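# A closer look at the structure
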Amino acid sequence: MPAPDVAALLALLERSEPDIAESARVAVEWLAGGEALETISQFDVCEFLWYTLPIKVPGDQTTIARALGRLLRLAGMERYAALCDSPATVRILLTYVREGEEAGAAAYHRELEATGVLPPDVAELSWSSIMGPEELGAHVACAAALELAIVTGDPVDREELTRRWLTAPRPELGGDCWLHRVHGERLNRWVLGRGTARRELAQPFEVRLHAPIAAPDEPHLEPLRWLLGLARTGVRLTERLNVGRAVAAEAADRFGWGNRTRSGVVRGEADVPALTELRQIAVHDLGALRRSGRRLVLTTTGRNLLDDRSAMWDAAAPTLLVPAPGEHDFEVSIRESALMILVDGDVVRDGDLRDRVAEVVNGEGWRATDGGRVGGADLTGPLARLRHRLDALGLDGPGRAPESAGREPETRVAGVPPWRLTDAGRRAALAALRAQALRPRQYAGLG
């Protein structure tokens, strides 16, 4: 049975309780936005009462909440009406008044989580706090599905239901699924980032990044596999908690890092920047290793990654663009632009890469020292970190064009080697760019 017309309900309330009719009109306009009451969900009501009302709606909030409850009861929507004068609503509204907006919003999120109708993050999708139309539609649909499951009394696995709702073909979407819609929206938003040069560089990737980037068939990520394998029995650390000389020397020899040491002699981890970066990836980014006393040991996550090549690829490739502690959007944008340039290049001189990256990031509104050209200090740190990460994961090539290409071999410019990705490196770059494009949008300060 459809809910009564809002105008008719307001007219009835005007006759029976004129003192709250105007408050009810304000509330229902904010809640339903001119749509029929049949379109609202428990999530909508909770969001209005516990977030929109105390932050955005002027007037006596308690009276407005009570008036909305009265109107919903007249509509026969008792379950929603009960929320309007529930202890949770009273408590949250008081929290806003007494402790401020931040405390009130925290109380809102806790109570909303407790209702069970908030779609959780799943492996396929972490929800944004700033949603586009497609993601908002997916979120609302999943919340409604969770509410229906709870109301029917069936046991609810929220993650499984959300995953199924996101990935199943939907007739209302023409056979598409919500996950594809959200991914498409995020990719488009990423491509249309700031600046003409950035958009032109990113445009070809919108189609290329729509599907997951599969791991290559040939061996890949060998340095990471080697380090995790050593950690099965523990990797000894020095008194200063660095990897010891023997392991550092083996890494430099095994992966060709010896000619990139700071001193030309491997005395320990400090002389092999790629090993330090590899340890950072394994410990902090992947949680695959942890320190136990003066040893690095394998975690459960690390064992799972060693046993599953696809899982290791999916976890490790995106670390090319994981922000470092204290790193800002500017530095990430530099590395992101560099990967887009390198992924389809053969050998790229360091100076050429700097010039092209500077053009992109300056066009986005950033400004690099020296215009971002060779020697520009603002580019040096992020690009050095990218090179160390590529080294650490075994994704960079020898910096020399194939002899069959009919070109003279590349030489170093001012002692800086050129850039070249391996085939696995190209795939990893695409996987990292895809993860960057599909990341959830959050308000500043939110995780």
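Conventions and cut-offs
Residues numbered from 1 in each chain as written. Predicted model: local features only at pLDDT ≥ 70, side-chain atom pairs only at ≥ 80, totals over all residues. Heavy atoms only, no water. Helix = DSSP H or I, 4+ residues; strand = E, 2+ residues; numbered from the N terminus. Buried < 20%, exposed > 50% of the residue type's maximum accessible area, 1.4 Å probe, protein only. Contact = heavy atoms within 4.5 Å. Salt bridge = Lys/Arg side-chain N within 4 Å of Asp/Glu carboxyl O. Phe/Tyr/Trp six-rings, centres within 6.5 Å; stacked < 30°, edge-to-face > 60°. Lys NZ or Arg CZ within 6 Å of the ring centre and 35° of its normal. Expected span 1.5 Å × (residues − 1). Core = buried A, V, L, I, M, F, W, Y, C linked by side-chain atoms within 4.5 Å. Pairing = 2+ DSSP bridges. Axes fitted to C-alpha atoms, helices over the stretch in contact; angles between N-to-C directions. Parallel < 35°, antiparallel > 145°, perpendicular 65-115°, else oblique. pLDDT = per-residue confidence, 0-100. Polar contact = N/O pair within 3.5 Å; in protein donor to acceptor, adjacent residues only side chain to side chain.

### Thoughts on the overall build of the protein chain
Secondary structure summary: the protein chain contains 21 helices and three strands in total. A burial count over the protein chain gives 48% of its 447 residues as buried. In the protein chain, the share of contacts with a sequence separation of at least 24, taken over all contacts with a separation of at least 6, comes to 66%.

### Some words on the pattern of salt bridges
When the charged atoms of two side chains lie near each other, side chains of opposite charge can form a pair. Under the counting rule described, the total for this entry stands at 29 salt bridges. Between Asp344 and Arg208 there is a salt bridge; the shortest N-O distance is 2.7 Å. With Asp344 in the loop between helix 18 (329-342) and helix 19 (350-363) and Arg208 in helix 12 (residues 205-208), this pair connects stretches of sequence that are 136 residues apart. A relative accessible area of 33% places Arg208 in the partly exposed class. Through salt bridges with shared partners, a single network forms among Glu277, Asp285, Glu327, Arg335, Arg385 and Arg389.

### Some thoughts on the packing of aromatic side chains
In this description, a pair of aromatic rings is defined by centroid distance and the angle of the planes. By the definition in use, this model includes three aromatic pairs. Geometrically, the ring pair formed by Trp226 and Phe255 is edge-to-face, given 5.5 Å between the ring centres and 75° between the ring planes. Placement of the pair is Trp226 in helix 13 (residues 222-230) and Phe255 in the loop between helix 14 (245-254) and helix 15 (273-285), with a sequence separation of 29 residues. Taking the relative accessible area as the measure of exposure, Trp226 reaches 9% and is therefore buried. Assessed through its relative accessible area of 22%, Phe255 is described here as partly exposed. Through successive ring pairs, a cluster of aromatic residues spans Trp226, Phe255 and Trp257. Here Arg170 stacks its cationic end above the ring of Trp165, 3.7 Å away from the centre of that ring. The ring of Trp190 is capped by Arg198, whose NZ or CZ atom sits 4.8 Å from the centre of that ring.

### Some points on the side chain of His139
Mapped onto the fold, His139 is located in helix 8 (residues 133-151). Given a relative accessible area of 6%, His139 falls into the buried group.

### With respect to helix 18
Over its 14 residues, helix 18 runs 20 Å from end to end, which matches the ideal 20 Å to within 8%, given 1.5 Å per residue. Looking only at helix 18, the buried set comprises Phe330, Val332, Ser333, Ile334, Arg335, Glu336, Ser337, Ala338, Leu339, Met340, Ile341 and Leu342.

### What about the nonpolar core?
Within the largest apolar cluster, 74 residues are counted, with the highest numbers of intra-cluster contacts made by Trp190, Leu224, Leu228, Leu275 and Leu353. Top contributing element to this core by residue count: helix 21 (residues 423-437), with eight residues. Within the second largest apolar cluster, 44 residues are counted, among which are Val28, Ala32, Leu53 and Ile92.

### With respect to the sheet that holds strand 1 (residues 235-236)
Taken in spatial order, the three strands of this open sheet run 1-3-2, and their pairing is antiparallel. Strand pairing shows two members of the sheet lacking a second neighbour, strand 1 and strand 2 (289-292), which therefore form its edges. Pairing geometry for strand 1 and strand 3 (residues 295-298), over two bridges, is antiparallel. Directly across from Val235, in strand 3, lies its bridge partner Leu296.

### Here we look at the packing of helix 2 (residues 18-32) against helix 4 (residues 61-74)
Think of two packed helices as two axes; the pair is described by the angle between the axes and how far apart they sit. Where helix 2 contacts helix 4, the two axes come as close as 8 Å, and the packing angle between them is 85°. When the interaxial angle is binned, helix 2 and helix 4 end up roughly perpendicular. Residue-level inspection shows Ile20, Ser23, Ala24, Ala27, Val28 and Leu31 of helix 2 in contact with helix 4, the latter providing Thr63, Ile64, Arg66, Ala67, Leu68, Arg70 and Leu71.

### Some details on the pairing of strand 3
Note that strand 2 and strand 3 share four bridges and pair antiparallel. Residue pairing in the sheet places Arg291 in a bridge with Leu296 of strand 3. Hairpin connection, strand 2 to strand 3: the antiparallel pair is bridged by two residues, and Gly293 has positive phi, about 65°.

### Observations regarding unusual backbone geometry
Phi is positive for Leu221, which is not a glycine, with a value near 55°. If you trace the backbone, Leu221 turns up in the loop between helix 12 and helix 13. In this structure Leu221 comes out as buried when scored by relative accessible area, which is 2%. The phi dihedral of Leu241 falls on the positive side, at around 65°, and the residue is not glycine. Secondary-structure assignment places Leu241 in the loop between strand 1 and helix 14. By relative accessible area, Leu241 is classed as partly exposed at 28%.

### Re the confidence of the model for the protein chain
For the protein chain, per-residue confidence averages 88 on the pLDDT scale, and residues scoring 70 or more make up 90% of the total. Every residue in residues 370-377 is under pLDDT 50, and counting partners more than four places away or in other chains gives 17 contacts. Counting contacts from residues 399-413, a segment whose pLDDT is below 50, to residues more than four positions away or on other chains yields 22 contacts.

### Structural notes on helix 10 (residues 178-191)
An ideal rise of 1.5 Å per residue puts 20 Å on 14 residues; helix 10 measures up with 20 Å between its terminal C-alpha atoms. Those residues of helix 10 that sit buried are Trp178, Leu179, Val182, His183, Glu185, Arg186, Leu187, Trp190 and Val191. Those residues of helix 10 that are buried lie in contact with helix 8, helix 9 (158-167), helix 11 (196-202), helix 12, helix 18 and helix 21.

### Here we look at the environment of Glu336
Within the secondary structure, Glu336 is located in helix 18. With 47 residues separating them along the chain, Glu336 and Leu383 place their C-alpha atoms 10.0 Å apart. Residues in contact with Glu336, not counting those within four places in the same chain, are Trp190, Arg198, Leu321, Leu433 and Gln436. A distance of 2.9 Å separates a polar atom in the side chain of Glu336 from a polar atom in the side chain of Trp190.

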